[in-house]
Amino acid sequence: PSQVVERQSRPEIEFQTTKAVLLAPITIARTENERCFIERSINSVRVSIKVRQSDDIEKMLCRKFARFFMQRADNFIILRRKAIEGYDISFLITNTHLEELVKEKVIEFIISFMKDLDKQIKDLKIAMNTRLRAAVGVYMSQFGARS
């Protein structure tokens, strides 16, 4: 419930109008490029994820993948349309989500989403490199046949 407006429930972590209902944020990081930022309040939690991106190809694939999901945020109840600055994907979980959904399933979804996102980016990179290698082979064979 909002302490500013009567009879209105809004995610306090999004508006941050009342500092008393905000809790200290938590950052969980493997490296600087792979981390999770959890912001908590009395009625909502925002989980932001930064996926490891070791080169330009992974950066491009991650950006495209995140954009694909954020455009379809209506289908994912807890996914935000726009990620927090410095992160790739953000989730917003409110108290109403936890009343309607099973808490363990929400946590399981976020963890599996993080694992699958990393796996999908790696698989896409391998597939892209394979196609690129095949295309270069065909292109170079044209020059080799004329000699």
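In this text, all values refer to a predicted model and were calculated from it rather than measured experimentally.

About the cut-offs
- Residues numbered from 1 in each chain as written.
- Predicted model: local features only at pLDDT ≥ 70, side-chain atom pairs only at ≥ 80, totals over all residues.
- Heavy atoms only, no water.
- Buried < 20%, exposed > 50% of the residue type's maximum accessible area, 1.4 Å probe, protein only.
- Helix = DSSP H or I, 4+ residues; strand = E, 2+ residues; numbered from the N terminus.
- Pairing = 2+ DSSP bridges.
- Axes fitted to C-alpha atoms, helices over the stretch in contact; angles between N-to-C directions.
- Disulfide = S-S within 2.5 Å.

## Describing the pairing of strand E1 (residues 26-31)
The side chains of a regular strand alternate, residue by residue, between the two faces of the sheet.
Part 1 of the argument: Sparse coverage of E1 is indicated by the burial of zero of its six residues.
Part 2 of the argument: Strand direction decides the pairing type here: E1 and strand E2 (residues 34-40), joined by five bridges, are antiparallel. Of the residues in E2, the one forming a bridge with Ile-28 is Cys-36.
Part 3 of the argument: Linking E1 back to E2 in an antiparallel pair, the connection comprises two residues.

## Focus on the sheet that holds E1
Part 1 of the argument: Spatial ordering of the open sheet is given by E1-E2-E3-E4, a layout of four strands whose pairing is antiparallel. Among the strands making up the open sheet, the edge pair consists of E1 and strand E4 (89-94). Geometrically, the sheet is characterised by an average inter-axis angle of 10° between neighbouring strands, direction not taken into account.

## A look at the state of the cysteines
Part 1 of the argument: Enumeration according to the criterion identifies zero disulfides in this entry.
Part 2 of the argument: Unpaired in this structure, Cys-36 has its nearest cysteine sulfur neighbour in Cys-62, at a distance of 14 Å.
Part 3 of the argument: For Cys-36, a relative accessible area of 11% gives the class buried.

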